[in-house]
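Listed below, chain by chain, are the residues.
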Amino acid sequence: MITYDYKYMIYPSIKENSPSQYDFFQINFSKESLTFRDLIFDDTSKIKKVGEFIRSKFKYYVIVGIGGSDLGSRVIAEAFKSKSNTEVLFIGANTDPMEISDFFENIDIKDCIFNVISKSGETVEVISNFLYIVSQIKDKLGEDKVKDHIIITTAEEGSTLLNLGRKFSLKIIEGKKDVGDRFSALSVIGLLTADVLGLDIDKFLEGAKDIDKKTENGEPKENDPLMFAELNFINYKKFGKNMSVVMPYSAKLHNFGFWYRQLWAESLGKKDKEGNNIGITPIASLGSTDQHSQIQLYNDGPNDKIITFIEVSQFDELVEIDTLTKEADYLYKKSFNDIIHIERKSTSISLMENSRANGTIYLDKINEENIGGLFYFFELSVSYLGFLLGVDTFNQPGVEKGKQYMYALLGKEEFKDLKYKLEKIDE
Ligand code: PA5
């Protein structure tokens, strides 16, 4: 179960620069048009078949992707212990030569299946890693083995990746053309990772459907993702709070912060319909670790942020301290479970007393339903917030521009003129 506690986001707990009960408003927003919503009603049998094949044959399932093709899977791989004999690894989210060479030095390539994932099928990081993987397989196992160790996932007919996939006779998984990358955690991209780990992928979708049922109403007090969006919106528009921190108190959810950061930044940071530059900067933080770095700034620095903790009420393990010492007797028989809850609570109260708005999303535990629900909670929230801010939540013109400049400078034929222009600028 997922719940949102926002009492320290509003007046009277937050005395200065805070919304009150009366600031909330109903919205008229239809979820029908949200393409990522269709995913949660999809049939998962094809994904399970591919998952079973991978689990039965390979020790390592290696995801080769970047941004939305990679971050959701990272959340899943970190949050859960594998229940299968296959481990999930990642390469391709960077072009750091050291990372790439370390990866191939330390792995036996015959144990690996690489899923090269790119919705557009053109992204430089992914295509360059793909080409390198092909050469590694050729060198170490022989050319005829390339097709046994690489599959591709893409959505664009005619794309470079799809053409390469056909050229090397690779198995091709069709991605969803109409679902933006950063909203694809609950598509074949994230769910195949979960299946390879031996998780119940239908439960991810059940968790998302549960949130979907609870968000029929355009009244924020009866719709937590909408309340979360409105609190961000009011704090941004009325009180100039233009940063939003998400701070899970669980190392298992560290990557969730990075997934959130991409979803939030690419969906909301752009020009609105009138041409104004809009954006609430997302910050990924981790409790309790960052209590000892960022919290100083959040408490005593400018009051320009809102903070959202994610608390896991019940952890799978109970870890207790049973060393009694005079010096630290207050910790005797305390569990780390208690300590981490107390740390979040103390941080939350201390921020509140300083009029720093903070809310908490509670997961009763880390399980498939709740991780599916959490992805969906944020996807919905960001859609509501994009609607309120008047931006096109689902495009990313700033990312596309950078991609085109890269193609040009790397010498892709159709960007020849742009290359000339860019080289002139940077002479
Ligand atoms: O969300 C987005 O659209 C981007 O950040 C993409 O995730 C990223 O650029 C990778 O794109 P692709 O999957 O087309 O390789």
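Residues numbered from 1 in each chain as written. Predicted model: local features only at pLDDT ≥ 70, side-chain atom pairs only at ≥ 80, totals over all residues. Heavy atoms only, no water.

When its secondary structure is counted, the protein shows 16 helices and 12 strands. In terms of overall dimensions, the protein is globule-like: its C-alpha atoms have a radius of gyration of 23 Å, near the 22 Å expected for 427 residues. Projecting the C-alpha coordinates of the protein onto the three principal axes gives extents of approximately 65 × 60 × 45 Å. Summed over its atoms, the accessible surface of the protein is roughly 20,000 Å², and 50% of this surface lies on carbon and sulfur atoms. Counting 53 positive and 67 negative side-chain charges, the protein places the averaged centre of each group 2 Å from the other. (Helix = DSSP H or I, 4+ residues; strand = E, 2+ residues; numbered from the N terminus. Rg over C-alpha atoms; globule rule 2.2 N^0.38 Å. Areas by Shrake-Rupley, 256 points an atom, 1.4 Å probe, with all protein chains shown as cover. Lys, Arg positive; Asp, Glu negative; His and termini not counted. Charge placed at Lys NZ, Arg CZ, Asp CG, Glu CD.)

Let's shift gears to the domain arrangement of the protein. Here the protein is partitioned into domain 1 (2–29 + 218–389) and domain 2 (37–200). Computed over C-alpha atoms, the centres of domain 1 and domain 2 are 31 Å apart. Across the interface of domain 1 and domain 2, roughly 1,900 Å² is buried in total on both sides, 61% from carbon and sulfur atoms. Across the domain 1-domain 2 interface, the total number found is 3 salt bridges. (Domains from an automatic or database assignment. Buried area = accessible area lost by both parts, 1.4 Å probe. Salt bridge = Lys/Arg side-chain N within 4 Å of Asp/Glu carboxyl O.)

Now for a negative patch on the surface. Taken together, the side chains of Asp 96, Glu 99, Asp 102 and Glu 105 define an acidic patch exposed on the protein surface. Following the sequence through the fold, Asp 102 ends up in helix α4 (residues 97–105). With a relative accessible area of 38%, Asp 102 lands in the partly exposed category. (Patch = residues over 30% accessible without salt bridge, like charges linked within 9 Å, V, L, I, M, F, W, Y side chains within 5 Å. Buried < 20%, exposed > 50% of the residue type's maximum accessible area, 1.4 Å probe, protein only.)

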